[in-house]
Amino acid sequence: MRGLAGKVAVVTGAAGGIGAATVRRLVEAGAQVVAVDTAVAQPPPAGAAAWVRADVSTEDGVEAYMSAAVERFGRVDLHHLNAGISGSFATLPELTAAEFDRVMAVNVRGVFLGVRAAFRQYEAQDGTGGIVITGSIGSLRGSADLLAYQTSKHAVLGILHGAAMYGGPLGVRVNAVAPGIVPTDLFAATPDAVGGKDDMARRASSTPLRRAGTGEDVAAVVAFLLSDEAAYMTGEVVSVDGGASIVSTVRPSGGAGAWDFAGYDRALYGRDLR
């Protein structure tokens, strides 16, 4: 894609899943990539020019990865702010304030700090560039679980729109991707939970494309949004969800009446509601 070769890119949450796939995709396109994650046991993603271990929810962590990128390459052109956590599957009454705050710190504060650092660096280098935020189908829709995660993914759209408005006149484009069901380690800690990792393939089978997504599916769209091919796009949220967000669940083709609500209610609420 035009405009990626020779550029310097930062990718957060790069140790696996969508982040690692984005690193590979940008490297293939000729970019120099600084991979960022908190993981200490994993090697850097293949092809990454630099590897920084940092906590994106802290100012020191964001300063560390930005400083490392600038020290190595002298500038940063592209940012994929992808780091995030799923948080607890606790029901709403059982969700603690501490757990809610933990998810917001990584998923919202981390994005804010990353966007702010990107704009500060663009100003310092008197340049332009592109930013892509990883949202979620949870940015656009609701469900009865993962309340902190959903709230955080709605919140990043506020950052997206404000940053796109601010950045437009400066030549800085800001967009987001909204992945649907993409089995990654984000949900690995909750394999047996209702809505957890182990039943992702089954749930994805109800989308129009009848399959779960891959990190590569999302990375391809991220690379497009960062490239010059998307030069007239900013403030957009691009769904990468197999068509899940277009489904009318009250029509037969969308699965209307096909769910076992009694089983779902027992799993979520601990009793039959009807």
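Read on for an overview of the structure. (Residues numbered from 1 in each chain as written. Predicted model: local features only at pLDDT ≥ 70, side-chain atom pairs only at ≥ 80, totals over all residues. Heavy atoms only, no water.)

### Points about the overall build of the protein chain
Of regular secondary structure, the protein chain possesses seven helices and seven strands. The N-to-C order of helical and strand elements in the protein chain reads β-α-β-β-α-β-α-β-α-β-α-α-β-α. A globule of 274 residues ought to have a C-alpha radius of gyration of about 19 Å, and the protein chain, at 19 Å, matches this closely. When its C-alpha atoms are laid out on the principal axes, the protein chain stretches across 60 × 35 × 35 Å. Put simply, the protein chain has 274 residues, and 46% of those count as buried. Of all intrachain contacts in the protein chain linking residues separated by at least 6 positions in sequence, the fraction that spans at least 24 positions is 65%. (Helix = DSSP H or I, 4+ residues; strand = E, 2+ residues; numbered from the N terminus. Rg over C-alpha atoms; globule rule 2.2 N^0.38 Å. Buried < 20%, exposed > 50% of the residue type's maximum accessible area, 1.4 Å probe, protein only. Contact = heavy atoms within 4.5 Å.)

### What to know about the packing of helix 3 (residues 97-124) against helix 4 (residues 147-167)
Helix 4 packs onto helix 3 with a crossing angle of 15° between their chain directions and a minimal axis gap of 9 Å. Comparing the axis directions of helix 3 and helix 4 gives the class roughly parallel. The interaxial crossing formed by helix 3 with helix 4 has right-handed handedness. Contact residues: helix 3 offers Phe100, Val103, Met104, Asn107, Val108, Val111, Phe112, Val115 and Phe119, while helix 4 offers Ala148, Tyr149, Thr151, Ser152, Lys153, Ala155, Val156, Ile159, Ala163, Tyr166 and Gly167. Of the residues that constitute the contact of helix 3 with helix 4, the class distribution is 15 nonpolar, four polar and one charged. (Axes fitted to C-alpha atoms, helices over the stretch in contact; angles between N-to-C directions. Parallel < 35°, antiparallel > 145°, perpendicular 65-115°, else oblique. Left-handed = near helix turned anticlockwise from the far one by under 90°. Nonpolar A, V, L, I, M, F, W, Y, C, P; charged D, E, K, R; others polar.)

### Concerning helix 4
When the terminal C-alpha atoms of helix 4 are compared, their 30 Å separation across 21 residues agrees well with the 30 Å that a helix rising 1.5 Å per residue should span. Every buried residue of helix 4 is listed here: Ala148, Tyr149, Gln150, Ser152, Lys153, Val156, Leu157, Ile159, Leu160, Ala163, Ala164 and Gly167. In this structure, the buried residues of helix 4 make contact with helix 3, strand 5 (129-134), strand 6 (172-179) and strand 7 (237-240). (Expected span 1.5 Å × (residues − 1).)

### Side note on the side chain of His79
Mapped onto the elements of the fold, His79 is located in strand 4 (residues 78-81). Accessibility expressed as a relative area gives 0% for His79, which makes it buried. In this structure His79 touches Val10, Met66, Ala118, Tyr122, Gly130, Ile131, Val132 and Leu226, once residues within four positions along its chain are discounted.

### Concerning the sheet that holds strand 1 (residues 8-12)
Each strand in a sheet pairs with its neighbour through backbone hydrogen bonds, running either in the same direction (parallel) or in the opposite one (antiparallel). Spatial ordering of the open sheet is given by 3-2-1-4-5-6-7, a layout of seven strands whose pairing is parallel. The sheet terminates laterally at strand 3 (50-53) and strand 7, the two strands that pair on one side only. Strand-to-strand twist in this sheet, taken as the mean axis angle between neighbours without regard to direction, amounts to 20°. Inspection of the sheet shows strand 5 paired to strand 6 by six bridges, in the parallel sense. Its bridge partner being in strand 6, Thr134 is matched across the sheet by Val177. Here helix 3 sits on the sheet and contacts strand 4, strand 5 and strand 6; the angle it forms with strand 5, its principal contact strand, is near 175°. Contacts from helix 4 reach strand 5, strand 6 and strand 7, with the element oriented near 160° to strand 6. (Pairing = 2+ DSSP bridges.)

### A closer look at a nonpolar patch on the surface
There is a patch of nonpolar side chains on the surface, built from Trp259, Phe261, Tyr264, Tyr269 and Leu273 and spanning about 520 Å² of accessible area. Mapping Tyr269 onto the fold places it in helix 7 (residues 261-269). Taking relative accessible area as the criterion, Tyr269 reaches 42% and is therefore assigned partly exposed. (Patch = residues over 30% accessible without salt bridge, like charges linked within 9 Å, V, L, I, M, F, W, Y side chains within 5 Å. Areas by Shrake-Rupley, 256 points an atom, 1.4 Å probe, with all protein chains shown as cover. Salt bridge = Lys/Arg side-chain N within 4 Å of Asp/Glu carboxyl O.)

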